[in-house]
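Listed below are the residues making up each chain.
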Number of protein chains: 2
Amino acid sequence: MKTLAYFYQKEREIKEKGGKVIGLTLTSPTFPSPPLKKRVLRLLPHSFSYSLSGGNLNLRETLANFYSKKWNIKLSKENVFIGNGGKEILFILLNLILKDGGEVIIISPYWSSYPRIVKRTKGNFKIFKTLEKDNFYPNVESLAKEINKKTKAIIINTPNNPTGKILREKDIKFLVEIVKKKNILLISDEVYEIYDFEGLYCSFLKYFSKNIFCVFSASKIFSMCGWRLGWCFGDPKLIEEMKDYQADLSTSPHTLSQLVVNEILNDKNLQKYLEKNRELAKERRDIAVDFFSKKRIDFIFPEGGIALFVKIPQRFRKASQFAKILLEREKVSVAPGEIFGEEKFFRINLAVNIEDLKEGLRRIAKFY
Amino acid sequence: MKTLAYFYQKEREIKEKGGKVIGLTLTSPTFPSPPLKKRVLRLLPHSFSYSLSGGNLNLRETLANFYSKKWNIKLSKENVFIGNGGKEILFILLNLILKDGGEVIIISPYWSSYPRIVKRTKGNFKIFKTLEKDNFYPNVESLAKEINKKTKAIIINTPNNPTGKILREKDIKFLVEIVKKKNILLISDEVYEIYDFEGLYCSFLKYFSKNIFCVFSASKIFSMCGWRLGWCFGDPKLIEEMKDYQADLSTSPHTLSQLVVNEILNDKNLQKYLEKNRELAKERRDIAVDFFSKKRIDFIFPEGGIALFVKIPQRFRKASQFAKILLEREKVSVAPGEIFGEEKFFRINLAVNIEDLKEGLRRIAKFY
């Protein structure tokens, strides 16, 4: 099966050869990042040495304060770990909790990297399938029944990629109790935290305990994918093990990235900036939703996130077949649903400029 | 056993509390980096999106050309993989070649991360001990006899960290033949490539084949440790697998780091810059060698690299005991030899400013 990297690589190759392609494969936002020029120049002299494994102490403190205030909880820098993107965090975490084998439960449709990362560990995954008729929203009671002796963790993704669904607070509370009772880990990937269009988003941080682990990233909220920075909150004992692992994997995260993000998080205009980004994403969500509704093309209504999960035309058996021909004929690259565990859907990235989005939508609709 | 990270962390903690400590723990050079300001400003607008797994195509091509010319061989961008530092490269490589178990041979004294990384894989390591009486230079015939059915690779480090020894070309040729015959991998960590004070250094690249894998890094040659960038050359099939692995681990290396290093490598003043760095390191090597010779303190003569491996005073049983008390009493942090597999030696980083080095040496000698 083709990976997401494969489709992205194809998209890049066409571009590098001077071809025109509308790239909607990866969910990497291209909204304006916070102002960086002056910051980078000022911080450059401090960028040359390693930082600490687990990340710069100042940034860890900033993050602990920021999220403590946001969710009215008490986090300290001992709860924080910083990685080369959210992905390195999940890679380290899953390798640690599955070091003696065991299973994690992954909800389908899933971010393609969850099963791929688990395959790199000593453990396995079990897929919990959500259904199209439920708009791919998980039934948490059924989910809880999947937990068995082998279960080490459940991975939640809210706002969800690729579906855009947001887990309701009552379901969060339910799961918080379950993982406490079963003494397993609830890993909540919340990298799309700011993209909440209906006021539904609640972080698992609100109910933080030693059984909760939450992941966030600069890539998605600051449109700084290339700067490779993510952070997470967890039990201090687990965080210590993660630092130790990172010391063997990549020493420490990128120093300049950390210094810059620390300043951004302490900027008095931060909330305004994040709100603006949310609006930009909502504007695109609304355009795509209106467009596909008018064209009577089925999709999952995204309550958040920066992606849209769309049903393939009936004449195609599989999304990868659809995506391949769409790229060849219409020069639009999308992510086929097989990658997320749903072969009848494909995902488009909404966080691009509006002209590209509209042109991409037009080409896709033409192909139906 | 205390890790290197532990001693570095201690050193940093004392500094962060405002304490004065001479930090010689890590071998991270603090020589002037190439000019970055203008480059960073110009490249900043291109820094926001992911690059490709395995690294930016332009930089891969630059690296292939650069090393092809340097060693008079023919490398293409398909031979190149770029990682978040040399460490991520070794982590991915060792996880791949040991994915079904097996062993790698590590020569002692070794860079502390080799065994630590292997412990994170499904394989094991076997230590080949070199002796103080041979100045810790390996006998390659004896080394070859250690290869058995389980052996997947031998790790070489030249110029060596911590000993500063450089593998002679005749021994390189011998090993190149051996690994070809046995069809195993020769992993050569050559991150200290430019620090060759006696004209002895030869890269395994000169005899490149599908059994050779060489690692290099921006950290050591450009004093850009915080920029987390390393690169390597290997067989295209293995490089493909590594890209796939990185896609699950960290997506892609830091975009700005790659853009900047690509410009540095294409700078017409590059050779002059590297030569200057070599001279700075040699100056420090000579100072330390003279100092300890006069004080009649035993050390291993470093032919290259940026470290000095020094014998502990007879009254101490172990280097970790020595290092701990040295840090407490004299406020000099060094790396105890247990970390490298030699409990009677400790390592000091020479690539610091001369005043710090001299003061560090003075305090160490005082303690003898």
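Above this text sits the structure in question.
### Quick notes on the interface of chain B and chain A
Taken together, the contacts link 50 residues of chain B with 51 residues of chain A. Interface area for chain B against chain A, summed over the two sides, is near 4,700 Å², with a carbon-plus-sulfur share of 56%. Counting the contacts that link chain B with chain A gives 8 salt bridges. Note that Arg-120 of chain B and Asp-248 of chain A form a salt bridge whose closest N and O atoms lie 3.0 Å from each other. There are 29 residue pairs in polar contact (both at pLDDT 80 or more) connecting chain B and chain A. Elements supplying a minimum of two residues to the side of chain B that touches chain A: helix H1 (4-16), helix H2 (37-43), helix H4 (85-97), helix H5 (113-119), helix H8 (218-221), helix H9 (236-249) and helix H10 (255-265) of chain B. The residue makeup of the side of chain B that touches chain A, split by class, is 21 nonpolar, 17 polar and 12 charged.

### A few points about the pattern of salt bridges
Pairing is possible between side chains of opposite charge, provided their charged atoms come close. Inspection of the entire model under this criterion finds 58 salt bridges over all chains. Glu-359 of chain A is paired through a salt bridge with Arg-363 of chain A; the nearest N and O atoms lie 2.8 Å apart. With Glu-359 of chain A and Arg-363 of chain A both in helix H13 (residues 354-366), this residue pair falls 4 residues apart, about one helical turn. With a relative accessible area of 13%, Arg-363 of chain A lands in the buried category. Note that Glu-330 of chain B is salt-bridged to Lys-366 of chain B, the shortest N-O span being 3.4 Å. Linking Glu-330 of chain B in helix H12 (residues 319-330) with Lys-366 of chain B in helix H13 (residues 354-366), this pair joins segments that are 36 residues apart in sequence. By sharing partners, the salt bridges in this structure join Arg-39, Arg-42, Glu-263 and Asp-267 of chain A into a single network.

### Re the pairing of strand S8 (residues 230-233) of chain B
Residues and elements named next belong to chain B. The two faces of S8 match: Gly-230 and Cys-232 on one face and Trp-231 and Phe-233 on the other face are all buried. Note that strand S2 (residues 80-83) and S8 share 4 bridges and pair antiparallel. Counterpart to Val-80 in the pairing with S8 is Phe-233. As judged from the 4 bridges shared by strand S7 (residues 212-217) and S8, these two strands associate in the antiparallel manner. Bridge pairing links Phe-216 to Trp-231 in S8.

### As for the packing of H1 of chain B against H12 of chain B
The axes of two packed helices give the description: the angle between them and the distance between them. Residue and element names in this part refer to chain B. Between H1 and H12, the shortest axis-to-axis distance is 12 Å and the interhelical angle comes to 5°. It follows from the interaxial angle that H1 and H12 lie roughly parallel. Where H1 approaches H12, its residues Phe-7, Lys-10 and Ile-14 are matched on the opposing element by Ser-320, Ala-323, Lys-324 and Leu-327. Tallied by class, residues from the contact of H1 with H12 come to 4 nonpolar, 1 polar and 2 charged.

### Digging into the side chain of Ser-108 of chain B
Residue and element names in this part refer to chain B. Here Ser-108 is to be found in strand S3 (residues 103-108). According to the relative accessible area criterion, Ser-108 is buried, its value standing at 1%. Once residues within four sequence positions are removed from consideration, Ser-108 is found in contact with Ile-127, Phe-128, Lys-129, Thr-130, Phe-340, Gly-341 and Glu-342.

### Overview of the pairing of strand S5 (residues 151-157) of chain B
Put simply, side chains in a regular strand alternate between the two faces of the sheet. Residues and elements named next belong to chain B. Among the 7 residues of S5, 6 are classified as buried, and the element is accordingly described as predominantly covered. Pairing geometry for S3 and S5, over 4 bridges, is parallel. Note that in S5 the partner of Val-104 across the bridge is Ala-153. The pairing of S5 with strand S6 (residues 185-189) spans 5 bridges and is parallel. Within S6, the position partnered with Ile-154 by the bridge is Leu-186.

### With respect to the sheet that holds strand S12 (residues 335-336) of chain A
All names here are of chain A. The sheet built from 4 strands is open, its strands ordered S9-S10-S13-S12 with antiparallel pairing. If you trace the sheet from one side to the other, it starts and ends with strand S9 (299-300) and S12, each paired once. Two strands pair when backbone bridges link them, and strand S10 (residues 307-311) and strand S13 (residues 345-349) are joined in this way by 5 bridges, in the antiparallel orientation. Note that in S13 the partner of Val-310 across the bridge is Phe-346.

### Considering the relation of the copies chain B and chain A
Turning chain B through 180° and shifting it by 0.0 Å along the axis lays it on chain A, with an RMSD of 0.0 Å. Each copy turns onto its partner about a two-fold axis. Both copies contact each other with a shared surface, as 100% of the interface residues of chain B are interface residues in chain A too.

### Details of the nonpolar core
Counting residues in hydrophobic clusters, the biggest one holds 191 residues, and the most contacted among them are Phe-213, Phe-222 and Trp-231 of chain A together with Phe-213, Phe-222, Trp-231 and Met-242 of chain B. For Phe-213 of chain B, the contacting residues outside a window of four places in its chain are Ile-89, Leu-93, Leu-185, Leu-186, Ile-187, Ser-188, Cys-232, Phe-233, Gly-234, Leu-238, Ile-239 and Met-242 of chain B. Tyr-8, Phe-309, Ala-323 and Ile-364 of chain B belong to the second-largest nonpolar core, a separate cluster that totals 43 residues.

Cut-offs and rules
Residues numbered from 1 in each chain as written. Chains lettered and ligands numbered in written order. Predicted model: local features only at pLDDT ≥ 70, side-chain atom pairs only at ≥ 80, totals over all residues. Heavy atoms only, no water. Contact = heavy atoms within 4.5 Å. Buried area = accessible area lost by both parts, 1.4 Å probe. Salt bridge = Lys/Arg side-chain N within 4 Å of Asp/Glu carboxyl O. Polar contact = N/O pair within 3.5 Å; in protein donor to acceptor, adjacent residues only side chain to side chain. Helix = DSSP H or I, 4+ residues; strand = E, 2+ residues; numbered from the N terminus. Nonpolar A, V, L, I, M, F, W, Y, C, P; charged D, E, K, R; others polar. Buried < 20%, exposed > 50% of the residue type's maximum accessible area, 1.4 Å probe, protein only. Pairing = 2+ DSSP bridges. Axes fitted to C-alpha atoms, helices over the stretch in contact; angles between N-to-C directions. Parallel < 35°, antiparallel > 145°, perpendicular 65-115°, else oblique. Least-squares fit on C-alpha atoms with pLDDT ≥ 70 in both. Core = buried A, V, L, I, M, F, W, Y, C linked by side-chain atoms within 4.5 Å.

Bear in mind that shape data such as this cannot, by itself, settle questions of function.
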